[in-house]
Amino acid sequence: MPLRHGLLALAVVAVWGSNFVVIKNALADLPPLLFAALRFSLAFVPAAFFLPKPNVPWRNLAAYGLLIGLVQFGSLYMAINGHIAPGLASLVVQTQVFFTIGLAMYVAKERLRRFQWVALTLAVSGITVIGAHTDASTTVLGLGLVLLAALGWSVGNMVGKQAGQVNMLAYVVWSSGFAVLPLFALSWLVEGAPAMQAGLARATWGTWLAVAWQSFGNTLFGYAAWGWLLARHPASTITPMALLVPVFGMGASALLLAEPLPAWKLMAAGLVMTGLALNVLWPHWQARQHRS
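Residues numbered from 1 in each chain as written. Predicted model: local features only at pLDDT ≥ 70, side-chain atom pairs only at ≥ 80, totals over all residues. Heavy atoms only, no water.

Enquirer: Looking at this model, I keep getting lost on the pattern of salt bridges. Mind explaining?
Expert: Close approach of charged atoms lets side chains of opposite charge pair. Applying the stated criterion across every chain, the model contains one salt bridge. Close ionic contact of lysine 265 with glutamate 259 constitutes a salt bridge, the shortest N to O distance being 3.0 Å. Of the residues examined, glutamate 259 reaches a relative accessible area of 8% and is grouped as buried. (Salt bridge = Lys/Arg side-chain N within 4 Å of Asp/Glu carboxyl O. Buried < 20%, exposed > 50% of the residue type's maximum accessible area, 1.4 Å probe, protein only.)

Written out as structure tokens, the structure is:
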């Protein structure tokens, strides 16, 4: 892979990882569900006027938009809003890999391979360490909400796979429209109109920059660049780069938000990251061994 392509991949994972700090800062002003509604509104408009609707059924777009917008990011924003540290959230949400494997195995009636059992055991051990150290900054509710976000992400992955070969940027833009009204409605029902009005009144230019970063940086740039790279290189070359997302997430949170990194947190991160790396890299290592 050319150096400039590697730097582009690194930029994407840096954006995705540091994005958790951006979320935390914006939640100081905006209620989480309102924040999510604004994020997906801006991802949908004006981009939908320039990108044609992908050739997939409306129900597929709706399902993906609700799973990613409502379940994944709605749950994630509520978790980071005082229930879990952003760095830990960036780590725990990566368990979507194992949810995706489990769902795929259930649908295809396949059995987990030995290395997948080992990878899953390592990741679950890491999550157990986090669960054993819940406190005021990381609660059981926060951990549960991030795991729900990971589950929504994994089901969304399966729905997105059913769409086939489509322009992923257009797919994300058009599906975002289906998350907007449910998120606004839930914000009004759960957070209340006074909280929504107060949040908008408190919002500063920094808050709106955070919303724009979520929409344009995290969503549009991230998906467009990642899709562009996947179209030019084997998935086995690009996908492992996503393992750096929690590294950037925990690093940025420690550097910019002074999130502590005690030994138990580093141990949990090591267990989860080792499980993720084993699951992603072991098949490629085996394939290389067979070729040689």
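Moving on, there is more to tell.
Enquirer: Please clarify how the packing of helix α3 (residues 58–80) against helix α8 (residues 168–191) should be interpreted in this entry.
Expert: The description of two packed helices rests on the angle between their axes and on the distance between the axes. Viewed as axis vectors pointing N to C, α3 and α8 meet at an angle of 65°, and their least axial separation amounts to 7 Å. Handedness of the crossing formed by α3 with α8: right-handed. Only Met168, Tyr171, Trp174, Ser175, Phe178, Ala179, Pro182, Leu183 and Leu186 of α8 make contact with α3, whose side of the interface consists of Trp58, Asn60, Leu61, Ala62, Tyr64, Gly65, Leu66, Gly69 and Leu70. Each residue belonging to the contact of α3 with α8 can be placed in one class, and the counts come to 14 nonpolar, four polar and no charged. (Axes fitted to C-alpha atoms, helices over the stretch in contact; angles between N-to-C directions. Helix = DSSP H or I, 4+ residues; strand = E, 2+ residues; numbered from the N terminus. Left-handed = near helix turned anticlockwise from the far one by under 90°. Contact = heavy atoms within 4.5 Å. Nonpolar A, V, L, I, M, F, W, Y, C, P; charged D, E, K, R; others polar.)

Enquirer: Honestly, a nonpolar patch on the surface in this entry has me stumped. Any pointers?
Expert: Where nonpolar side chains cluster on the molecular surface, the patch consists of Leu186, Trp188, Leu189 and Val190 and spans about 440 Å² of accessible area. Positionally, leucine 189 belongs in helix α8. Classification of leucine 189 by relative accessible area gives exposed; the value is 61%. (Patch = residues over 30% accessible without salt bridge, like charges linked within 9 Å, V, L, I, M, F, W, Y side chains within 5 Å. Areas by Shrake-Rupley, 256 points an atom, 1.4 Å probe, with all protein chains shown as cover.)

Enquirer: For this particular structure, what's the right way to read empty space enclosed by the protein?
Expert: Once rolled over the atoms, a probe with the size of a water molecule shows which space is left empty. Enumeration over the complete set of coordinates arrives at one cavity of 30 Å³ or more. In this model, the largest cavity occupies a volume close to 70 Å³. Per element, the largest residue contribution to the lining of the largest cavity is five residues, and it comes from α3. Of the residues assigned to the lining of the largest cavity, the class counts are six nonpolar, five polar and one charged. (1 Å grid on protein atoms, 1.4 Å probe; cavity = no way out; pocket = protein on both sides within 12 Å on 5 of 7 lines; lining within 4 Å. Points joined across faces, edges and corners; volume = space filled by probe spheres on them.)

Enquirer: Explanation requested: the side chain of serine 90 in the structure shown.
Expert: Turning to its location among the elements, serine 90 is positioned in helix α4 (residues 86–92). Judged by relative accessible area, serine 90 falls into the buried class, the value being 0%. Residues within four places of serine 90 in sequence aside, it is in contact with Phe20, Pro246, Gly249 and Met250.

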